[in-house]
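# Architecture at a glance
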Amino acid sequence: MDTRGIDQMLSELRSVSQAAQSKPVETAAPAAGGVNFADVLDNALKDVSAAQSEARQMAQEFSAGDPNVNLQDVMVNLQKANLSFQQMVQVRNRLVTAYQDIMNMPV
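Residues numbered from 1 in each chain as written. Predicted model: local features only at pLDDT ≥ 70, side-chain atom pairs only at ≥ 80, totals over all residues. Heavy atoms only, no water.

Going by what an unreviewed UniProt entry lists, the chain is known as Flagellar hook-basal body complex protein FliE and is assigned to Thauera linaloolentis. Listed under Sequence similarities (unreviewed entry) in UniProt, the entry text for the chain is "Belongs to the FliE family." Checking UniProt for the chain, the heading Subcellular location (unreviewed entry) contains the comment "Bacterial flagellum basal body". (UniProt positions renumbered as here; feature names shortened; annotations may be inferred.)

### Regarding the overall build of the chain
Check the secondary structure of the chain and you find 3 helices and 0 strands. Order of helices (α) and strands (β) in the chain, N terminus to C terminus: α-α-α. Considering the chain as a whole, with its 107 residues, one finds that 9% of them fall into the buried category. Pairs at least 24 apart in sequence give 59% of the contacts found in the chain among residues at least 6 apart. Carbon together with sulfur atoms contributes 57% to the accessible area of the chain, which is approximately 8800 Å² in total. (Helix = DSSP H or I, 4+ residues; strand = E, 2+ residues; numbered from the N terminus. Buried < 20%, exposed > 50% of the residue type's maximum accessible area, 1.4 Å probe, protein only. Contact = heavy atoms within 4.5 Å. Areas by Shrake-Rupley, 256 points an atom, 1.4 Å probe, with all protein chains shown as cover.)

### Focus on the environment of Asn77
Within the secondary structure layout, Asn77 lies in helix α3 (residues 71–103). Judged by its relative accessible area of 14%, Asn77 is buried. Linking Asn77 and Ala55, residues 22 residues apart in sequence, is a C-alpha distance of 5.2 Å. Setting aside anything within four residues of it in sequence, one finds Asn77 in contact with Glu54, Ala55 and Met58.

### Observations concerning helix α2 (residues 37–63)
Here α2 contains 27 residues, and its C-alpha end-to-end distance of 39 Å stays within 8% of the 39 Å for a straight helix at 1.5 Å per residue. When α2 is considered as a whole, its buried residues turn out to be Val48, Ala55 and Met58. Directly after α2, the chain includes Gly65, whose backbone phi takes a positive value near 95°. (Expected span 1.5 Å × (residues − 1).)

### Structural notes on the pattern of salt bridges
Where charged atoms of side chains with opposite charge meet at close range, the side chains can pair. A full pass over the atoms with the stated rule returns 1 salt bridge. Here Lys46 and Asp42 are joined by a salt bridge, their closest N and O atoms 3.2 Å apart. You can see Lys46 and its partner Asp42 sitting in helix α2, 4 residues apart, about one turn around the helix. The class for Asp42 is partly exposed, based on a relative accessible area of 35%. (Salt bridge = Lys/Arg side-chain N within 4 Å of Asp/Glu carboxyl O.)

Structure follows, in structure tokens:
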């Protein structure tokens, strides 16, 4: 079984996690040409949805007996979709916590 894709995804997740933990929080608005948070979040949601759709489609093709789809690829894609969904849930949880912290601040 080829695990290079999983290893690559795990290393990317680790590097992004380390970068997020080491980067100081900016309080100023992004400079002209900066990244819009809503766009980044929207793209991330679309990527997760696409990964889930691809995994679901591949699983259906495998169960239909398509000879071009093997079980290892199906399982890897299902795990990738699961990991990306879990990561998005964690991002949502952190956003909700941040929102609640801001709302509980005294004015």
